[in-house]
Amino acid sequence: MSERVENLLKSMSNEEKIGQIMICGFDGTTPSSNVQKLIKNYHLGNVILFKRNIENPNQVKKLTSELQKLSKIPLTIAVDQEGGIVTRLTEPFTVFPGNMATSATNDPNNAYLTGLVMAKEMRAVGINWNLAPVVDVNDLPQNPGIGVRSYSDDPRVVAKYASEFVRGLHDGRVAGCAKHFPGKGHSAKDAHFEMPIVNRELDDLIRIELYPFKELVRDGIDSVMPSHVYYPALCESENLPATLSHSVMTDLLKNQMAFDGVTVTDDLEMGGITANLEPSEAAWRSLMAGADMLMVCHTFEKQIGTFETLIQMVKFGDIPIDRLNDAVRRVLTMKENLGLLDGRIVIDSEIGSKENLDIAYSIAKRSITLVRNTDNLIEKIPNSKVFLIFPKDLALTKVEEKVGGISEIERTFREEGKNVESIYVSSKPDDTEIEMVIKSLKGFDGIVVIGTLNAHLIEEWKKMINAVTNVRNDNVLILALRNPYDCVMDGVRNSVALYSYSKISQKAFAEMVLNGERFTGKAPVKL
């Protein structure tokens, strides 16, 4: 640790130290009275931004500048900018198609370019910490919360692409965060609502889940986020999530794996935690287990309650000062590595430049994967009528932003003078909607394109696809906007994987089809 960090640590009160190990969210696009109180009265040292805080680049830059002016020690300002379905900085920022799409290009340099462009645009508006990449190994197709957020079902592929992504972030002077330790790809529950279980033998966890984390720790990842998941082979007591497990956070991550960065919890207001504990209790338990930064994203009263609990526990010796000092030292070191202690708050760079947009578009194009083409529909689309069946709402999980409206595929087709009809259905189409779709197809003579969102997991979508294929059969193309497993469902004859419902991926698909370009992506998971 540097002399500057040690001197700064010695100069701080216990309350100031506690501020450095908390990260909080707030409402609004300007510094709310609540976040101002947290920074001024409780010395909050870290802030996380969500879509609710973001309007445009100039506003974000002003917001981060105003937040920094409130704080004696520069803030880390974090965001979940994974790309794909978890994107907080949307247009005019450069939007990327996401992890699985990136690995489908079969070129790890695309992960590097993604990280570099993201980082430059983030630092340009005062954001210095990306809570990415996801390094969970998605080897369970039934997983509802990871899917295309993962690079692959192969731990070595995940490690390679994640490492390149982080190298890009670092070259752009942004900290990265490997999540969700020790890996939650092999779970069939979503921790935003309940606590999942990864019930694997230790040997399998070491060989699969832990491999990417070990590689990133070796490469110098800045931070690691534990999961709100129970691992019987690792956790010291039943139904204890990794976030609260000393065996996972300290014995495994810090001691055995020699991780010397910041362990930051996921939001302690998630259902995977609050089903059993208040955030304030989860916070001190997690700190004692080995967490260095405690995240409370949403509720001001719970944020205050967590601060007050930690202050009292440090005061009365329930939290040892050495544990607090170790956590603060790690946080301050990350800030020093980012140049924040030298006053490097903003690093100017152009946002949404043609060069950046071209990089993202190239990745989107090279990711698109032709999975089945039994009836040569792709070649027929330019000279056929198209009937597009598309979801109204594209977000399925709590971590995503609400997205909907006219699809970019329809918009692009129409701009190019393509004859296209369309119908939009809910994320779980009911019998009435299915009947409406079948009725709309009567008399239609052309190709039906169905945009799917994890249909392999959703019975209502399976029912609708079956109903459509029963009447159209060899003229139906499945377009997987999320998990590529939709492409190989029973009865599917023609299918393409986009891995992303982002506008850039939809536009790339539509333009490639109309231009007769060949899809070159390779599925990075077993289908």
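In this report, the structure presented in the accompanying data block is examined. Everything quoted here is computed from the prediction, not taken from an experiment.

### Details of the overall build of the protein
Looking only at helices and strands, the protein features 19 helices and 16 strands. Against the 2.2 N^0.38 benchmark of 24 Å for 527 residues, the protein shows a C-alpha radius of gyration of 24 Å, consistent with a compact globule. Reported as C-alpha extents along the three principal axes, the dimensions of the protein are approximately 75 × 50 × 40 Å. Within the span of the protein, comprising 527 residues, buried residues form 62% of the whole. Contacts in the protein between residues far apart in sequence, at least 24 positions, make up 77% of those at least 6 positions apart. Taking the 60 positively charged and 70 negatively charged side chains of the protein as two groups, their mean positions are separated by 3 Å.

### Section: the environment of P31
With respect to the element layout, P31 can be found in the loop between β1 (22-24) and α3 (33-42). Through-space distance from the C-alpha of P31 to that of T374 is 56 Å; in sequence the pair is 343 residues apart. Those residues within four positions of P31 in sequence are excluded, and the remaining contacts are F26, Q36, L63, E66, L67 and L70.

### A short note on the packing of helix α6 (residues 109-124) against helix α7 (residues 155-171)
With their axes 7 Å apart at the nearest point, α6 and α7 run at an angle of 30° to one another. Put simply, α6 runs roughly parallel to α7. Crossing of α6 over α7 shows right-handed handedness. On the side of α6, the interface is formed by A111, Y112, T114, G115, L116, M118 and A119, while α7 contributes Y161, E164, F165, R167, G168, L169 and D171. Residue classes in the contact of α6 with α7 are distributed as eight nonpolar, three polar and three charged.

Rules and cut-offs
- Residues numbered from 1 in each chain as written.
- Predicted model: local features only at pLDDT ≥ 70, side-chain atom pairs only at ≥ 80, totals over all residues.
- Heavy atoms only, no water.
- Helix = DSSP H or I, 4+ residues; strand = E, 2+ residues; numbered from the N terminus.
- Rg over C-alpha atoms; globule rule 2.2 N^0.38 Å.
- Buried < 20%, exposed > 50% of the residue type's maximum accessible area, 1.4 Å probe, protein only.
- Contact = heavy atoms within 4.5 Å.
- Lys, Arg positive; Asp, Glu negative; His and termini not counted.
- Charge placed at Lys NZ, Arg CZ, Asp CG, Glu CD.
- Axes fitted to C-alpha atoms, helices over the stretch in contact; angles between N-to-C directions.
- Parallel < 35°, antiparallel > 145°, perpendicular 65-115°, else oblique.
- Left-handed = near helix turned anticlockwise from the far one by under 90°.
- Nonpolar A, V, L, I, M, F, W, Y, C, P; charged D, E, K, R; others polar.

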